[in-house]
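# Per-entry structural report
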Amino acid sequence: MRFGRPSEEQLRRTFDSVLTAVLSGRGVRTETGLDHTTETALWAIARARANRPEALVDDLVAAARRAFAGQLDGTNAAERRAEMDRRLAARTRSIGSP
């Protein structure tokens, strides 16, 4: 069991390990420390691996690398917070409307 947040180096090793796994036909393991955006991008590779031309898989790998970069620099978390704020504001407006 891990306590606390993984370091950037641990996250990088984990990302590389999971990327290797999905490229070899396996899925994304649980409790990786990777965020939802990054895991979703990795799952897209796992699903597409058997059904798409290599060029499209290459595009998905590039997208997964961008998603992971967003995790490291905080972009993914900021986008998720902004989306949650938008949803909360919309819900508050709909509840407050007669």
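Residues numbered from 1 in each chain as written. Predicted model: local features only at pLDDT ≥ 70, side-chain atom pairs only at ≥ 80, totals over all residues. Heavy atoms only, no water.

In total, this model carries one aromatic pair according to the counting rule given. On the basis of an interplanar angle of 5° and a centroid distance of 4.5 Å, the ring pair of F15 and F68 is categorised as stacked. Here F68 lies in helix α3 (residues 54-73) and F15 lies in helix α1 (residues 8-23), a separation of 53 residues in the sequence. Note on F15: relative accessible area 2%, which makes it buried. Residue class for F68 comes out buried when judged on its relative accessible area of 6%. (Phe/Tyr/Trp six-rings, centres within 6.5 Å; stacked < 30°, edge-to-face > 60°. Helix = DSSP H or I, 4+ residues; strand = E, 2+ residues; numbered from the N terminus. Buried < 20%, exposed > 50% of the residue type's maximum accessible area, 1.4 Å probe, protein only.)

Time to look at the pattern of salt bridges. Inspection of every chain in the model, using the stated rule, returns four salt bridges. Close ionic contact of R13 with E9 constitutes a salt bridge, the shortest N to O distance being 3.6 Å. Residue R13 and its partner E9 are both found in helix α1; the two are separated by four residues, about one turn of the helix. According to the relative accessible area criterion, R13 is partly exposed, its value standing at 48%. (Salt bridge = Lys/Arg side-chain N within 4 Å of Asp/Glu carboxyl O.)

Our next topic: the side chain of D35. One can find D35 in the loop between α1 and α2 (36-48). Despite its burial, D35 pairs with no opposite charge; the closest candidate is R80, at 8.2 Å N-O. Here T38 takes part through its side chain, which lies 2.8 Å from a polar atom of the side chain of D35. Reaching out from D35, the side chain makes a polar contact with the side chain of N76 at a distance of 2.9 Å. Ignoring any residue separated from it by four or fewer positions in sequence, one finds D35 in contact with Q71 and N76. (Lys, Arg positive; Asp, Glu negative; His and termini not counted. Polar contact = N/O pair within 3.5 Å; in protein donor to acceptor, adjacent residues only side chain to side chain. Contact = heavy atoms within 4.5 Å.)

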